[in-house]
Amino acid sequence: MSWVAIVPVKGNPGAKSRLGERPDRAGLADAFALDTVAALLAAHGVDRVLVVTGDGELLGRLAELGVDIVREAPVRESILPADPLNAAIRQGLMVARGAFPEANLAVLTGDLPALTPADVERTLHLAAAHDRSLVPDAAGTGTTALLALAGVPIEPRFGVGSRAAHEAAGHVPLVLAASVSIRHDVDTAADLAVAQRLGVGPHTLLVVEAPGSAAAR
């Protein structure tokens, strides 16, 4: 089956504030996105990866990996949506539906530094059995991936309690062990420690092992 992945990437110095006051926080956020995208590109069954971002500096690094870039639409402050993440995802979904109408769609958060191609492939195999599906985060209350077969409407509801919101919209939780990499997004230092135990990708590893990084001290 043919899948197109959509990945929203915030990619600015304010990203990942819950990691704390560490000097490499912005670099880590960028590295998470690069490793997430690299795993998707290497997975069999993923034909295209669309990244929605407004970060011009990160945009170039992502484009070098071979993704399609969707420039996040500028929004006037007076009409700024309450959930810019979901607004960016909707933009990516609209582009994907228009350009690849026969493809199945998978939305993944851009903070999965331990993601492996094998776990992506396993997820897509399970998702093929459902019109709409989701991957719960390791805590079981959030969502790391939202999937829908070709032509099936999909409405992102990422944020606090997103698993329940997505289930209410008809997405079936896929049965994946809590240790599977696609369930491990990184928001906090504790999340990062878990991801490191699973094995982070090369971009993240380069940042956490750099002299002066919080993890290397």
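Preceding this paragraph is the structure being described.
Conventions adopted
Along each chain, numbering runs from 1 in the same order as the chain's sequence is written. Where totals are concerned, whole chains, interfaces and linings use all residues; where local detail is concerned, this predicted model gives features only for residues with pLDDT of at least 70, and gives and counts side-chain atom pairs only at 80 or more. Each side-chain value is derived from all of the structure's non-hydrogen atoms; neither hydrogens nor water enter the calculation. Only the stretch in contact is used when fitting a helix axis, every axis being a line fitted to C-alpha atoms; angles between N-to-C directions are given from 0 to 180 degrees. Runs of E in the DSSP output that reach at least two residues are strands. Runs of H or I that reach at least four are helices, and both are numbered from the N terminus. To sort the angles, those under 35 degrees are grouped as roughly parallel, those over 145 as roughly antiparallel, those from 65 to 115 as roughly perpendicular, and the leftovers as oblique. Crossing handedness: left-handed means the near helix sits turned counterclockwise from the far one by under a right angle, and right-handed means the same turn made clockwise. Every residue pair with non-hydrogen atoms within 4.5 Å of one another is taken to be in contact. The residue classification treats Ala, Val, Leu, Ile, Met, Phe, Trp, Tyr, Cys and Pro as nonpolar and Asp, Glu, Lys and Arg as charged. All others, Gly included, are polar. When a carboxyl oxygen of Asp or Glu is within 4 Å of a side-chain nitrogen of Lys or Arg, the pair counts as a salt bridge. Here the term buried applies to any residue with accessible area under 20% of the maximum for its type, exposed to any over 50%, and partly exposed to those in between, with areas from a 1.4 Å probe on protein chains only. Pairing between two strands is assigned when DSSP locates at least 2 bridges connecting them. Residue types Ala, Val, Leu, Ile, Met, Phe, Trp, Tyr and Cys, when buried and joined through side-chain atoms within 4.5 Å, form a set referred to as a nonpolar core. To estimate how far a helix should reach, multiply one less than its number of residues by 1.5 Å.

### Some points on the packing of helix α1 (residues 25–42) against helix α2 (residues 56–65)
The contact between α1 and α2 brings their axes to 10 Å, and the two run at 20°. Taken together, the axis directions place α1 and α2 in an arrangement best described as roughly parallel. Seen from above, α1 lies across α2 with right-handed handedness. The residues of α2 that touch α1, namely those facing D30, A33, L34, V37, A38 and L41, are L58, R61, L62 and L65. Here the contact of α1 with α2 is composed, by residue class, of 8 nonpolar, no polar and 2 charged.

### As for the pattern of salt bridges
A full pass over the atoms with the stated rule returns 5 salt bridges. For the salt bridge of D83 with R90, the shortest nitrogen-to-oxygen distance reads 3.7 Å. With relative accessibility at 27%, the residue D83 sits in the partly exposed group. On the accessibility criterion, R90 (32% relative accessible area) is partly exposed. The residue R122 makes a salt bridge to D119 at a minimum N-O spacing of 3.1 Å. With R122 and D119 both in helix α4 (residues 117–127) and 3 residues apart, this pair spans about one turn of that helix. Residue class for R122 comes out partly exposed when judged on its relative accessible area of 42%. A single salt-bridge network, built from bridges that share partners, covers D83, R90 and E155.

### Considerations on the sheet that holds strand β6 (residues 143–148)
As a general point, the strands of a sheet are linked pairwise by backbone hydrogen bonds and lie either parallel or antiparallel. With mixed pairing, the 7 strands of this open sheet are ordered in space as β3-β2-β1-β4-β6-β5-β7. Two strands bound the open sheet, and with one partner strand each, they are β3 (68–71) and β7 (172–173). Two elements, strand β1 (residues 3–9) and strand β4 (residues 104–108), share 4 bridges in a ladder whose sense is parallel. Across the sheet, the residue bridging to W3 is N104, located in β4. The strands that α1 touches are β1, β2 (46–53) and β4; relative to β2, the one it contacts most, it runs at about 160°. Seen against the sheet, α4 touches β1, β2, β4, β5 (132–136) and β6 and runs at an angle of roughly 45° to β6.

### Describing the nonpolar core
Membership of the largest hydrophobic core comes to 50 residues, with the highest contact counts inside it found for V49, L108, L147 and I182. If one sorts the elements of this core by residue count, β1 sits on top with 6 residues. In terms of nonpolar packing, the next biggest core, distinct from the first, is built from 11 residues, L19, A114, V186 and V207 among them.

### Details of the side chain of H166
Examined against the element boundaries, H166 turns out to sit in helix α5 (residues 162–168). By relative accessible area, which is 0% here, H166 ends up buried. Apart from residues lying up to four places away in sequence, H166 is in contact with L134, T143, L146, E155, P156, R157, F158 and H171.

### What about helix α3 (residues 84–99)?
Helix length check: α3, at 16 residues, gives a terminal C-alpha distance of 23 Å against a target of 22 Å (1.5 Å per residue), a fit within 8%. Among the residues of α3, N86, A88, I89, Q91, G92, L93 and A96 are the ones counted as buried. Tucked into the core, α3 has its buried residues touching β1, β2, β3 and β4.

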